[in-house]
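Read off the chains here:
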Amino acid sequence: MLKLKPKFDLRRDVVSDILRKEASVCRVKEYSGAVDACILNIERDGSILFSWKGAAGTTRIGKHDPTSKQNKLLYTFDKQVCVSSCSLNKEETLLAVSLAQNTRGAEHPKPLCKCLTLLIEIHPINNTKVLKAVDCRVKVQFLHSEPDRKSALESHLLLLTEDGYVDLYHVLLTKQEGYRVVMANPERLSKTAERVVEDFCWVQWDRHTQRLYYLTHNATHAQDKFVLRCVQFYLSQMCETTLELPLELPPNPFRTVRFVDLGFDHVEKPEHEPLRMQVITNRIGSMCVCYSQPLQGKPELMYTLVLVHKDCSKTFRVSLGSEPSPKTGQRLHPLFIPIGYYVLVYLQGFFLHCVNSRQQEMLCHSLFLSGSDVDLDLQCSSANLSVLHSEDESACSLLDLDTGRIHGAELSSAYLLQVLRSGPPSRCPSAWTDSQRLAALHCLLVYMGNDPKLELKVIEWLCDDVNTLASFDQIQEFILASLYRISYQKSLGLDKLLPYSSVFNMKETPLCLLEVPGVLCTTELHIQSVFKGKPRSPQAFWTELQWNAERTKYLNAAPNPRFRTSHIPRERDKLRSEKRPSSQADHMEENTKKVLSMVDTWCLDKKLVPLFQEEDHQQRALIGLTVDKLREHLNRHLPRMGKKKIDSLVINYVAKLLELIRHMLESSWLKNKLGPCVLCLTQQAGQGEWSMLHFMFRILEAMRALCLPLPPGYHTLLAVFAVRCLPHHTFLQYIDHGVVQLTETFVSRLMTDLDNSDANERLKFSILKRLPEPMARRIYHMWDHPVSSASISTSYVRTQLEKRGKNEGFAFTGRDKPGFRPEFLPLSYLAKILSDIEEQALNPFEEQENVDARFVEETALKQTLVQLGFEAK
């Protein structure tokens, strides 16, 4: 499920370089001593701070640049010390270090950590200032300065103590001799300290967003009520509390103060805690607060994801299958790994839960895996793994603290495709469940679907998978998920407005999509988050998060916020019933032209499948209505997005729908090795045509269920494959049941391409009977057959005589016309009436396509001779 790529190896990238330098210091060819190196911290720009014990009994601190792959010595202690925390300012002029010393005395049976916190000038190495000397752990972290400041003469340092407070030091710098950067008034440094946080039991630093999250007791409630607060540090070095979130946690969740993402303490590793907690954010405006706790005496794990942007929390209880060993039970906490909008909950050797934080309503949209298939092939326990958040939110990294290796982690498309395609997974004798396939399909199409090659592989799976799944329609899910992908990054508000899955429209959702074996889920709405502070800009994270939370509350209360297409066919039929074109119909046609114009620009070199080549009035009306109704829906519920952006989104949305269908047909066309000859009705269908027909029927069924339009020309192409593949009586049944629709383009081709054999005549007659009267009259003119001539003549006579009845004062001219045969008086009389009507008409051929009295007379005589047996049919 997770694909790991090596990014950094402490031994390969650092220790090998240290050995060369130590050999140089000792003046030996090869240094044979051991190098005890460890990673101390990772700064915002990705620089890795590390320390090692030097050859001459020293302790050194260095920096690894991930871009240049170069290592740089920052500072050397002349004796061996234990570095528990370290941070480097952006200008690389100051180094903050917290040193720890373990002492054991009679009155202290356990080690007591005595910390000395230093601020060191390193450009060049000069003065050292003692900031703290306390009997508790201390963490140090520099804030990130403004990126456009070329020569910053001020640094800002956070100092976090195990006593539960956070101080912010404002360090003024000055230049001496043109290059030396030293502290200005170091004796006054302690007076510049600003108390930022007064009391906490858990704290997390986000180096990329410069936020400090901390957990404290709620003063207005009992001691088991906690509040999560966030302090945002801005580039101007201002800070403010932006969020308060009440949390219900077990009493005494942490035995000691817990530091998260504030470096890596190799001196005193924290004891096992009853609770593990982590905050995960995304720049689009989402926040997840994750915490887990094992259940005492039960082989179960409970973890909660508080989705602030969705105004809800999800609590999962997962059965671990068997009682964990006492050793394993001590470390029974999962990792929370953020990848995009997914939060991966990973418990080594037990399960991997890929939780969808955007579409969290149903379990079937989050992939749950268990057993040996979820192991990450890391030679360490999850207790020694640390999650490193990345500025690129589509991936993160895992740090193995024992070996000093950093692995980039991303979702594996190959594994997800295997979930779709393969039979039984290795961990159990049963096949993948429909719920797992559905979650894997959405992950591939939405999160990873920007890769055209990956989309093509999913389409190939759709073509190969002849037997549809019992619980959901794969093609419907493919269409909706692919359409959701083009818009989900624009606004979180679209999550509950656009169709995401056909599961939401089911009258009765299958039980297999509502439950996951061994997993229980409870949802709590209205989490009572409180936003504070003033928004710094309209695009700021906190502005987006607050707006997303408030919009979610509004949409949860609104009736039917998700766009439904079931009413569109009724609107289309209403427009078609209008006798005169209305302004609304003209507006729909304009919508359709915009969509088809966009599709044309996408498909300039993709003319393999004959679509978009005819006027399909039914589908054009459906396209225009879909655009209009979706635009109206988004303008009503998401006015903040703006009309222009909504209009562009809607046109793109419907054009992408038509393009997806074309793409599916093209893939099946190429797979079955079809060519232009498949459109010839006289050739017998092969296996490729049968496969294509079956796939087109599946697409048709899916689109009708979704009430979405098809590309113009789709019904013509479907009818061509159907008449070639199916027996004639079956083909006619498909027409009667509305599966195959007769288009004028198809019927015209049928009448001209097929000869007039007995079987073909019967088929043509049967089709003509099923056509609407206006279309049938037009088709008769294309079929060279006595019956066509008779029908044309009958229609002509009826029309002319109806006109005669409406013309008052009509009289015969009394002139005989040459060429009439007076032997058959009734026919001669009728021909004379028609001829006289033609003479008095302003334009006798305007609507009858050159049908005249002579044609009627000849056709009638021909039919009479055939009926009497004097002439062959």
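Residues numbered from 1 in each chain as written. Predicted model: local features only at pLDDT ≥ 70, side-chain atom pairs only at ≥ 80, totals over all residues. Heavy atoms only, no water.

Engineer: Mind laying out the pattern of salt bridges, listing which residues take part and the relevant values?
Structural biologist: Tallied over the full model, the rule gives 34 salt bridges. One salt bridge connects Lys225 with Glu248, and the closest N-O pair in it is separated by 3.3 Å. Taken together, the residues Lys225 in strand E17 (residues 225-233) and Glu248 in strand E18 (residues 239-248) connect sequence positions 23 residues apart. Between Lys593 and Glu590 there is a salt bridge, with its nearest N and O atoms 4.0 Å apart. Here Lys593 and its partner Glu590 are both found in helix H10 (residues 583-602), three residues apart, which amounts to about one turn of the helix. Overall, Lys593 belongs to the partly exposed group, its relative accessible area being 44%. A cluster of three or more residues bridged by salt bridges with shared partners is formed by Lys3, Lys5 and Glu410. (Salt bridge = Lys/Arg side-chain N within 4 Å of Asp/Glu carboxyl O. Helix = DSSP H or I, 4+ residues; strand = E, 2+ residues; numbered from the N terminus. Buried < 20%, exposed > 50% of the residue type's maximum accessible area, 1.4 Å probe, protein only.)

Engineer: Account for the nonpolar core, with residues named and values stated.
Structural biologist: With 142 residues, the main nonpolar core has Ile337, Leu411, Ile479, Ile661, Met664, Ile699 and Phe731 as its most contacted residues. If you tally residues by element for this core, the top one is helix H12 (residues 643-671), at 14 residues. Residues within four places of Ile337 in sequence aside, it is in contact with Leu2, Tyr342, Val343, Leu344, Tyr346, Val387, Cys396 and Leu398. (Core = buried A, V, L, I, M, F, W, Y, C linked by side-chain atoms within 4.5 Å. Contact = heavy atoms within 4.5 Å.)

Engineer: Let's hear about the sheet that holds strand E22 (residues 300-307): which residues, and what values?
Structural biologist: Strand order in the open sheet formed by five strands is E20-E21-E22-E23-E31, and the pairing between neighbours is antiparallel. Because the sheet does not close on itself, it has two edges, and the strands there are strand E20 (276-282) and strand E31 (519-525). Between one strand and the next, the sheet's axes are offset by a mean angle of 15°, whatever the strand orientation. Note: E20 against strand E21 (residues 286-294), seven bridges, orientation antiparallel. (Pairing = 2+ DSSP bridges. Axes fitted to C-alpha atoms, helices over the stretch in contact; angles between N-to-C directions.)

Engineer: How would you summarise helix H15 (residues 728-736) if you had to cite specific residues and measurements?
Structural biologist: Taken together, the buried positions of H15 are Thr730, Phe731, Leu732 and Ile735. For H15, the secondary structure elements touched by its buried residues are helix H14 (714-725), helix H16 (744-753) and helix H17 (758-769). Remark: Gly738 follows H15 within two positions and exhibits a positive phi of approximately 80°.

Engineer: Could you give me a rundown of the packing of H10 against H12, with the residues and numbers involved?
Structural biologist: It is the contact of H10 with H12, at a shortest axis distance of 9 Å, that shows an interaxial angle of 60°. If you check the angle between H10 and H12, you find them oblique. Where H10 crosses over H12, the two elements pack in a sense that is right-handed. Every residue of H12 that contacts H10 at Asn591, Lys594, Val595, Leu596, Met598, Val599 and Trp602 is listed here: Asp647, Ile651, Asn652, Val654, Ala655, Lys656, Leu658 and Glu659. When its residues are assigned to classes, the contact of H10 with H12 shows nine nonpolar, two polar and four charged. (Parallel < 35°, antiparallel > 145°, perpendicular 65-115°, else oblique. Left-handed = near helix turned anticlockwise from the far one by under 90°. Nonpolar A, V, L, I, M, F, W, Y, C, P; charged D, E, K, R; others polar.)

Engineer: Break down unusual backbone geometry for me, with residues and values.
Structural biologist: A cis geometry characterises the amide bond from His123 onward to Pro124, with omega recorded as -5°. Position of Pro124 among the secondary structure elements: in the loop between strand E8 (108-122) and strand E9 (125-134). Phi angles above zero are rare outside glycine, and Glu92 is one such case at about 60°. Checked against the element boundaries, Glu92 lands in the loop between strand E6 (82-88) and strand E7 (94-105). Backbone geometry places Phe612, a non-glycine residue, at a positive phi of 60°.

Engineer: Describe the environment of Arg770, listing the residues and the values that go with them.
Structural biologist: Turning to its location among the elements, Arg770 is positioned in the loop between H17 and helix H18 (773-780). Separated by 38 residues in the primary sequence, Arg770 and Leu732 place their C-alpha atoms 9.2 Å from one another. Beyond its immediate stretch of four places on either side in the chain, Arg770 contacts Leu732, Ile735, Asp736 and Leu742.

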